[in-house]
Amino acid sequence: MTDRLPCFKVYDVRGVVPDELSPEIAHNIGRALADETGCKTCVIGHDIRLSSEDISHALTEGLRTAGVDVIDIGLCGTEMIYFATANYNYDAGVMITASHNPPEYNGMKIVREGSRPISGDSGLWEIERRTREQDFDRTGQGTYTHRDVYDDFIKHLLGVVPANTLKSLKVIASPGNGCAGVAVRALAPFVPLQIEELDFEPDGTFPKGVPNPILEENHVEIGALMQSGNYDFGVAWDGDYDRCFFFDEKGNFVDGYYMVGLLVQDTLESYPGATIIHDPRCIWNTLDICERLGGRPVVCKTGHAFIKEKMRAENAVYGGEMSAHHYFKDHWFCDSGMLPFLMIARLISRTGQPLSELIGEMMEKFPVSGEINSVVADAPAAIERVRNAFPNGFEDHTDGLSMNFDNWRFNLRSSNTEPIVRLNIESRGDKALVDQKAQEIISILRA
């Protein structure tokens, strides 16, 4: 098979500009997208990267050359493309972003009507082939319009989480100089939250590094500020704010696994008996909450395309990944970084409990290792070594290798793009056991 263009990945387009993703390639992607989907309308938007406007312009011209009417919503978050595509019944949508990749990267997240994702098994490889071979069928002259959708987007958010369910909580919010600050400022006049701004100005030079709140070095400033200011909680987003991360009132970073648990709890209190989709990396806390509150948990392979497909198939109300992607039926089964922000504020408002207390019991009952990455020469062989070292576990292969024992379990997954194996461990109330098993498995992986 001819080598694919390196910017095409399993779930999206992503590469170094201009070596892997140039304006010319972006133009051809526009033409290929038109042919593959048959779209007559396409909404586009972009993040704060310095290359985004050039890529956006080239994509626009490619679409228009194929006769597609382009609606440009400008600087936005990925979830706003999901919103605009589905809410206004456009045929396709493209978000120009490389999320938390280094500054020299850019990319595209592509959806068809209804904001259904286009990934490797649903048309992206055919778009790649057409782009690479310049095999185009359609010609025409599409129109170009700009549309400001922020007002409608804020109405959508407050339709899901009404402002009158929120109290006057004091919050530090950090977009990390990504796109989220624009949305939060549009939202702020309509909610009673007291929002302290940190790194709100969109800046494609990334003055404090790429917006990626999962990195420990990005916890220091917001954590220190919270310890000095009597805040109720903190929230931070990645560059295109499809992921959001939380800090408790003491300034401690909260593992995404426990935020999934809180949102499962919040969902089941509003929608008794609802179906919940979750990834297989850590599961016991989610299963425990579903059992206590009457939810129906369904495990799904990690990755936004898999989660969205499973949510539609199961008519799930909420889906959560411990990587801080949260998916909602009320958001066309897509991920959002703004809705979890409002939902956690609502939960704290309703219960009167601080965030540390809301998650404290979960952390005690089901301690975790956090995701541990190991660089290995041969990922399948490394995973097989671990499997052979623990012959008495119950195996599950939903995503990588999960092995369950009476009081602990682990999941091992290999990266799609790097020679890396990712390890997650949890136990029933025994953090020392988690640490012990982590050392055992790491030594086997890296042998």
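Read on for a plain summary of the structure. (Residues numbered from 1 in each chain as written. Predicted model: local features only at pLDDT ≥ 70, side-chain atom pairs only at ≥ 80, totals over all residues. Heavy atoms only, no water.)

1. Remarks on the nonpolar core
In terms of nonpolar packing, the biggest core is built from 78 residues, with Phe 233, Trp 237, Met 338, Phe 341 and Leu 355 touching the most fellow members. The dominant element in this core, judged by the number of residues it contributes, is helix H11 (residues 338-351), at 9 residues. By size, the runner-up hydrophobic cluster in this structure holds 30 residues, among which are Val 13, Leu 63, Ile 96 and Met 108. (Core = buried A, V, L, I, M, F, W, Y, C linked by side-chain atoms within 4.5 Å. Buried < 20%, exposed > 50% of the residue type's maximum accessible area, 1.4 Å probe, protein only. Helix = DSSP H or I, 4+ residues; strand = E, 2+ residues; numbered from the N terminus.)

2. Quick look at empty space enclosed by the protein
With the rule as written, the count across this model stands at 1 cavity of 30 Å³ or more. What lines the largest cavity is simply Tyr 257, Val 260, His 278, Asp 279, Cys 282, Thr 286, Gly 320, Glu 321 and Met 322. Where the lining of the largest cavity is concerned, the elements lending two or more residues are helix H8 (256-270) and strand E15 (318-321). (1 Å grid on protein atoms, 1.4 Å probe; cavity = no way out; pocket = protein on both sides within 12 Å on 5 of 7 lines; lining within 4 Å. Points joined across faces, edges and corners; volume = space filled by probe spheres on them.)

3. Considerations on the packing of helix H5 (residues 150-160) against helix H6 (residues 180-187)
It is the contact of H5 with H6, at a shortest axis distance of 10 Å, that shows an interaxial angle of 70 degrees. Judged on the interaxial angle alone, H6 and H5 are roughly perpendicular. Along its contact with H5, which presents Tyr 150, Phe 153, Ile 154 and Leu 158, the element H6 presents Val 182, Ala 183, Ala 186 and Leu 187. Its residues assigned to classes, the contact of H5 with H6 comprises 8 nonpolar, no polar and no charged. (Axes fitted to C-alpha atoms, helices over the stretch in contact; angles between N-to-C directions. Parallel < 35°, antiparallel > 145°, perpendicular 65-115°, else oblique. Contact = heavy atoms within 4.5 Å. Nonpolar A, V, L, I, M, F, W, Y, C, P; charged D, E, K, R; others polar.)

4. Here's the deal with the state of the cysteines
If you walk through the whole model with that rule in mind, you get 0 disulfides. Take Cys 290: it sits in no disulfide, and the sulfur closest to it among the cysteines is that of Cys 300, at 14 Å. (Disulfide = S-S within 2.5 Å.)

5. Here we look at the packing of helix H3 (residues 78-87) against H5
Geometry of a packed helix pair, given as the angle between the helix axes and the separation of the axes. At their nearest, the axes of H3 and H5 sit 11 Å apart, and the two run at 90 degrees to each other. The angle between the axes of H3 and H5 places the two elements in the roughly perpendicular class. Contact residues: Glu 79, Met 80 and Phe 83 in H3; Tyr 150, Asp 152, Phe 153, His 156 and Leu 157 in H5. Within the contact of H3 with H5, the residues separate by chemical class into 5 nonpolar, 1 polar and 2 charged.

6. A look at the packing of aromatic side chains
The description of two aromatic rings rests on the distance between their centres and on the angle between their planes. Inspection of every chain in the model, using the stated rule, returns 17 aromatic pairs. Ring geometry for Phe 405 versus Trp 408: centroids 4.5 Å apart, planes at 10 degrees, classification stacked. No difference in accessibility class separates Phe 405 from Trp 408, as the two residues are buried. By way of ring pairs, the aromatic residues Phe 83, Tyr 88, Tyr 90, Phe 153 and Trp 332 are connected into one cluster. A cation sits over an aromatic face here: Lys 170 above Tyr 231, 4.7 Å from the ring centre. Lying across the ring of Trp 284, Arg 428 places its NZ or CZ 3.7 Å from the centre. (Phe/Tyr/Trp six-rings, centres within 6.5 Å; stacked < 30°, edge-to-face > 60°. Lys NZ or Arg CZ within 6 Å of the ring centre and 35° of its normal.)

7. A short note on helix H9 (residues 284-293)
All buried positions along H9 are accounted for by Trp 284, Asn 285, Thr 286, Asp 288, Ile 289 and Cys 290. Backbone geometry just after H9 places Gly 294 at a positive phi near 80 degrees.

8. Things to note about the sheet that holds strand E8 (residues 170-174)
Sheets are built from strands that pair by backbone hydrogen bonding, the pairs being arranged parallel or antiparallel. On the basis of which strands lie adjacent, the open sheet formed by 5 strands has the order E9-E8-E10-E11-E12 and mixed pairing. Because the sheet does not close on itself, it has two edges, and the strands there are strand E9 (194-197) and strand E12 (253-254). Where E8 and strand E10 (residues 233-237) come together, 4 bridges link them in parallel fashion. Bridge pairing in E10 links Ser 174 to Ala 236. (Pairing = 2+ DSSP bridges.)

9. A few points about the side chain of Ser 99
Here Ser 99 lies in the loop between strand E4 (92-96) and strand E5 (105-112). A relative accessible area of 10% places Ser 99 in the buried class. A polar atom in the side chain of Ser 99 sits 3.2 Å from the side chain of His 100. Polar contacts involving the side chain of Ser 99 include one to the side chain of Asp 238, which spans 3.2 Å. (Polar contact = N/O pair within 3.5 Å; in protein donor to acceptor, adjacent residues only side chain to side chain.)

10. As for the pattern of salt bridges
Overall, the coordinates contain 34 salt bridges when judged by the stated rule. Between Asp 266 and Arg 346 there is a salt bridge; the shortest N-O distance is 2.9 Å. Of this pair, Asp 266 sits in helix H8 while Arg 346 sits in helix H11; the two residues are 80 residues apart in sequence, bridging distant segments of the chain. By the burial criterion, Asp 266 is buried, and Arg 346 matches it. Among the salt bridges present, the one from Arg 281 reaches Glu 321, with a minimum N-O distance of 3.8 Å. Here Arg 281, found in the loop between strand E13 (275-278) and H9, pairs with Glu 321, found in strand E15; they are 40 residues apart in sequence, far enough to count as distant. Accessibility assignment for this pair places Arg 281 and Glu 321 in one class, buried. Among the charged side chains, a network of salt bridges with common partners joins Asp 35, Glu 126, Glu 128, Arg 129, Arg 130, Arg 132, Glu 133, Asp 135 and Asp 137. (Salt bridge = Lys/Arg side-chain N within 4 Å of Asp/Glu carboxyl O.)

11. Observations concerning H6
The set of residues buried in H6 consists of Ala 180, Gly 181, Ala 183, Val 184 and Leu 187. On an axial view of H6, the arc spanned by its buried residues comes to 160 degrees, and they lie on one face. Its buried side turned inward, H6 meets H5, E9, E10 and H11. (Arc of directions from axis to C-beta.)

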